[in-house]
Structures are given as structure tokens and as C-alpha cells.
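A closer look at the structure
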Amino acid sequence: MFVSFFPQPKLFFWSVVIWSAIAIGLWYGFAAEFGATYGLGLGGAADPARAGTVATFWSPAFLWFYLYFAAMVWIFAGFWMRYSPHPWAGWSILGSALILFTTYFQVQVSVAVNAWYGPFYDLIQAALAKTRPVTLQEFFAELVTFAGIAFVAVAVGVFMRFFMSHWLFRWRNAMNDYYMSHWSKLRAVEGASQRIQEDTMRFSTTMETLGVNLVQSVMTLIAFLPILLSYSQTITEMPFIGEVPHALVWAAVLWAAFGTAFLALVGIKLPGLEFKNQRVEAAFRKELVYGEDDPSRARPPTVGELFSNVRRNYFRLYFHYAYFNVARIFYLQTDNIFPYIILAPSIVAGKITLGLMNQVLNAFEQVRSSFQYLVNSWTTIVELLSVYKRLRTFERVIHGEPPPAPAVEDARPAVA
């Protein structure tokens, strides 16, 4: 799965983590400030005059970060291309770095939109409450500002989706070439054709989705936690508790941690059932394929028994997903009103303006959704685990390892 596309995967991924930590440490240690020496960057911070506008993306601080990121990527890629040459290194290393950069850029778009919320909604509040004169020119100017940010975001998003489609197919291409080079060993494995044709596609697509979401969640936390921390200077009171230092940060962290642990516990049976579901489906499909060429195969009693296994597993899956979805939907619906509950004392006391309230709500949502990565991705993780188990079993044959012991089938009757 990984060795086909990445050079020495275990060492490579550890080096990614270590080099990323070094790069982040150097940036916050001195590199961000160093750019100001040459007129690039304002102490590593975005220009306050351009915050909430499209111009922030080509401000000196951003341009300096772009150069720094490119330099760190080229150092890392150059080392690996010399240390462990790999035919897919261009796509796996440089392509992954480009995806990482565009993910970072999309997070910065969210930060710019959050900065735009404040003056825009304060303008609306001033107009509705008639606290000061508001002209149509002011109002439309704010909308034009948002449109500029949105157009840049759309352009980058379209490019990202186009590039990632090609990146994913290259990974699938690499897995296909790797597995086909061992086809003489693999052809006798149950469902071999499906694993090469379908599972490689599903694995690369699902890994990309989860990987990008994980990176985006981490970057969102890095970008929005300081923002939420600054808002906590104004919003210090939590309902039913009273004054709490850094109230917004604690509320977001504890609520997301509760949701993650709660849904992980409720859905603990799902990965095994998804894996078993793929097994029984593969056995049923394989018998039907044999029946196309051999009249002695795919007889009604055999097919009936195989389909009975499919039916039993699906009904068990439906049952377990039913209570999991009840728990998940209940949590997510409560999640919609949770920030308003936290802000209730400040809203009732009139401590915040409409603009600040919307900025807080957006920043709170960004931080909570980042902490809720596992909550939002649980069903996708379940699917990935089932595909991973199938491909891992497949690869045991290549390396001459014994296959895992088959799970004991549940002999209980199917739920009607």
C-alpha cells in the first residue's frame, strides 16, 4: 500500500514528522522575524491593515512564509531523492507537499473570512440600531471584500481538487504496478481481482480524504486557537460555572473530547463488521463469477447459503449503525447550539457586539470541528480499516507470511 508509492515508508513518515517539527520550531523561533530584516514579513504576523481582505495573501508576511515553506520542502525532497531514489518520489514527496500547502492556504482563507466577520456584522448592527449613519457604498464595499477572498478560495480549491485527482490516480497506479508484479503469488487469493481493481482505488481515495482532513484540522487549531484565546479576554464567564480563565478554549476542548470518546465507544463494533461484510460479499461474488463458466458452480443451495451470510451481516450492520447514528446525530444537533449556550451570559449582559459574536462563533466552530476530527471522520475511518485489513492480508502472501486466522462466523439466526 505504501511501499509502492513512498520511499521506505516507515522511515519516511517518521522523517516527515520530525522535519515538520523542526521547520515549525525554526519558523516560530527566528525565521518569521528574520524575514523582516529583508522587508518580508512583519515579525511573522499578518499586516493588520490587510486582515480580512484578499490582499493579506500577498502581504510581506505571507510572501516570506511561501519562500520559507518552499525552501524546507526542497531540502527535504532533495535528501530523500538522493538517499532513497523511488520512481514515484516526485508525486509522493513534492505532490504531498503541494497538497499540504494548499491545505494551509485554505485554512488561511478561513482566518481571513473570520477577520472580515467583525467589521461586516458591526456595520449591520450599526445600520439596524441606527447608532451611526451607514451608506450603501460602505455595505457593498464589505461585500466586494468578501467576494475577493471567495474568488481566490474558489480558484485555489478547484486547482487543488484537479491536482489531487491526478495524485490519487498515481498512487493507485503505483499500487497496481506493485501488486501485478507479484500476480503469480496473488492470483489464488480470494478476491484477488477485486482487491487490485477496487480496494486500491478505495484505499488511496480514503487515505487522501482522512489525511487532508487531519492536516487541515491540525493547521486550523494552530491558526484559530490563538484567536479564540484572544476572544477569551472578553468572554470570561461560562453558564452554570461562572468566571473561568480561557473559557472558550476550555469549552471547545472538553466538548470535542467528550464527543470523540463517546462516539468511539458507541461505534467500537463497526470496523469488524465492515471487514466481515466485505468478506461475505467477496465470497458471494466469487461463486457467481465461477458459475459463469462452470455449470456445476453457483448452484441455488450454495448461492442461497452465501447470500444468507450477506443478509445476516448486513442486518447486524444496520442494527449497530442505527444506535450509532442516534448517538452521533444527537451529539451533532446538540453541537449546533452549544456555542450559544457558552456565549449566553455574555450575550445577555451585552458584553459583545454582533460582529464579535459572529467572529467568536466562527472561531469556536473551527476549533471544535478540528478537535472533532474523529467524530466527523469515524464512518470513513471504519471503511478505511476494513479496506486496510483486506490489502494487508493480500500483502502477507507477497512476503510469505501466514494469513491471519479467520474470524469465527456468528451462528446466530439473522434478524428478521
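Computed from a prediction, not measured in an experiment: that's the story for all the values here.

Things to note about the overall build of the chain
- Check the secondary structure of the chain and you find 11 helices and two strands.
- For the chain, the N- to C-terminal ordering of α and β elements is α-α-α-α-α-α-β-β-α-α-α-α-α.
- Within the span of the chain, comprising 416 residues, buried residues form 43% of the whole.
- Sequence-distant contacts, at least 24 apart, represent 78% of the contacts inside the chain between residues at least 6 apart.
- When the accessible area of the chain is evaluated, it comes to approximately 22,100 Å², of which 69% is carbon and sulfur surface.

Digging into the packing of aromatic side chains
- As enumerated under the stated definition, the model contains 47 aromatic pairs in all.
- Considering the side-chain rings of phenylalanine 5 and phenylalanine 6, the 5.2 Å spacing of their centres and the 85° angle between planes classify their relative orientation as edge-to-face. The exposure classification of phenylalanine 5 matches that of phenylalanine 6, with both residues buried.
- Between phenylalanine 57 and phenylalanine 105, the aromatic rings sit 4.9 Å apart at their centres with planes inclined by 35°, giving tilted as the arrangement. Of this pair, phenylalanine 57 sits in the loop between α1 (9–37) and α2 (60–83) while phenylalanine 105 is found in helix α3 (residues 89–129), placing the two residues 48 residues apart along the sequence. Comparing phenylalanine 57 with phenylalanine 105 shows no difference in burial state: the two are buried.
- Linked through ring pairs, Phe2, Phe5, Phe6, Phe12, Phe13, Phe76, Phe79, Trp80, Tyr83, Trp88, Trp167 and Trp171 together constitute an aromatic cluster.

Some details on the nonpolar core
- In this structure, Phe57, Leu228, Leu248 and Phe364 are the most contacted members of the largest nonpolar core, which totals 55 residues.
- Where this core is concerned, the elements lending two or more residues are α1, α2, α3, α4 (136–180), α6 (192–231), α7 (247–266), α9 (300–348) and α10 (354–371).
- For this core, the element with the most residues is α3, which contributes 12 residues.
- Residues within four places of phenylalanine 364 in sequence aside, it is in contact with Leu228, Leu248, Ala251, Ala252, Phe338, Pro339 and Ile342.
- Judged by nonpolar contacts, the second largest core, of 33 residues, contains Phe12, Trp80, Ile99 and Leu210.

A closer look at the UniProt feature "transmembrane region" (unreviewed entry) in the chain
- UniProt tags residues 12–30, 61–81, 88–107, 139–163, 210–229 and 249–268 as "transmembrane region" (unreviewed entry).
- Measuring from the first to the last C-alpha atom of residues 12–30 gives 27 Å, for a span that is 100% helix and 0% strand.
- Regarding residues 139–163, the helix share stands at 100% and the strand share at 0%, and the terminal C-alpha atoms are separated by 37 Å.

Topic: the pattern of salt bridges
- One pass over the full model with this rule turns up one salt bridge.
- One salt bridge in this structure joins arginine 132 and glutamate 138, with 3.4 Å as the shortest N-O distance.
- Arginine 132 gets classed as partly exposed once you look at its relative accessible area, which sits at 39%.
- On the basis of relative accessibility, which here comes to 30%, the residue glutamate 138 falls in the partly exposed class.

A closer look at the packing of helix α8 (residues 270–293) against α9
- As a packed pair, α8 and α9 sit with axes 9 Å apart at the nearest point and diverge in direction by 155°. It follows from the interaxial angle that α8 and α9 lie roughly antiparallel. Note that α8 runs across α9; the crossing there is left-handed.
- When the residues that make up the contact of α8 with α9 are grouped by side-chain class, the tally is 14 nonpolar, five polar and five charged.

Brief notes about the side chain of asparagine 362
- Structurally, asparagine 362 can be placed in helix α10.
- Its relative accessible area of 14% is what places asparagine 362 among the buried residues.
- Within the structure, asparagine 362 has its side chain in polar contact with the side chain of asparagine 114 (distance 2.8 Å).

Brief notes about the packing of α7 against α10
- Two elements in contact, α7 and α10, have axes whose closest approach is 9 Å; the angle formed by their N-to-C orientations is 35°. Seen from above, α7 lies across α10 with right-handed handedness. On the side of α7, the interface is formed by Leu248, Ala251, Ala252, Val253, Trp255, Ala256 and Thr260, while α10 contributes Val360, Phe364, Val367, Arg368 and Phe371.
- Residues of the contact of α7 with α10, tallied by class, amount to 10 nonpolar, one polar and one charged.

Some remarks on a nonpolar patch on the surface
- A surface patch of nonpolar side chains, about 710 Å² in accessible area, is lined by Trp14, Val17, Ile18, Ile22, Leu26, Phe30 and Phe34.
- For tryptophan 14, the location among the structural elements is in helix α1.

Definitions and cut-offs
- Residues numbered from 1 in each chain as written.
- Predicted model: local features only at pLDDT ≥ 70, side-chain atom pairs only at ≥ 80, totals over all residues.
- Heavy atoms only, no water.
- Helix = DSSP H or I, 4+ residues; strand = E, 2+ residues; numbered from the N terminus.
- Buried < 20%, exposed > 50% of the residue type's maximum accessible area, 1.4 Å probe, protein only.
- Contact = heavy atoms within 4.5 Å.
- Areas by Shrake-Rupley, 256 points an atom, 1.4 Å probe, with all protein chains shown as cover.
- Phe/Tyr/Trp six-rings, centres within 6.5 Å; stacked < 30°, edge-to-face > 60°.
- Core = buried A, V, L, I, M, F, W, Y, C linked by side-chain atoms within 4.5 Å.
- UniProt positions renumbered as here; feature names shortened; annotations may be inferred.
- Salt bridge = Lys/Arg side-chain N within 4 Å of Asp/Glu carboxyl O.
- Axes fitted to C-alpha atoms, helices over the stretch in contact; angles between N-to-C directions.
- Parallel < 35°, antiparallel > 145°, perpendicular 65-115°, else oblique.
- Left-handed = near helix turned anticlockwise from the far one by under 90°.
- Nonpolar A, V, L, I, M, F, W, Y, C, P; charged D, E, K, R; others polar.
- Polar contact = N/O pair within 3.5 Å; in protein donor to acceptor, adjacent residues only side chain to side chain.
- Patch = residues over 30% accessible without salt bridge, like charges linked within 9 Å, V, L, I, M, F, W, Y side chains within 5 Å.

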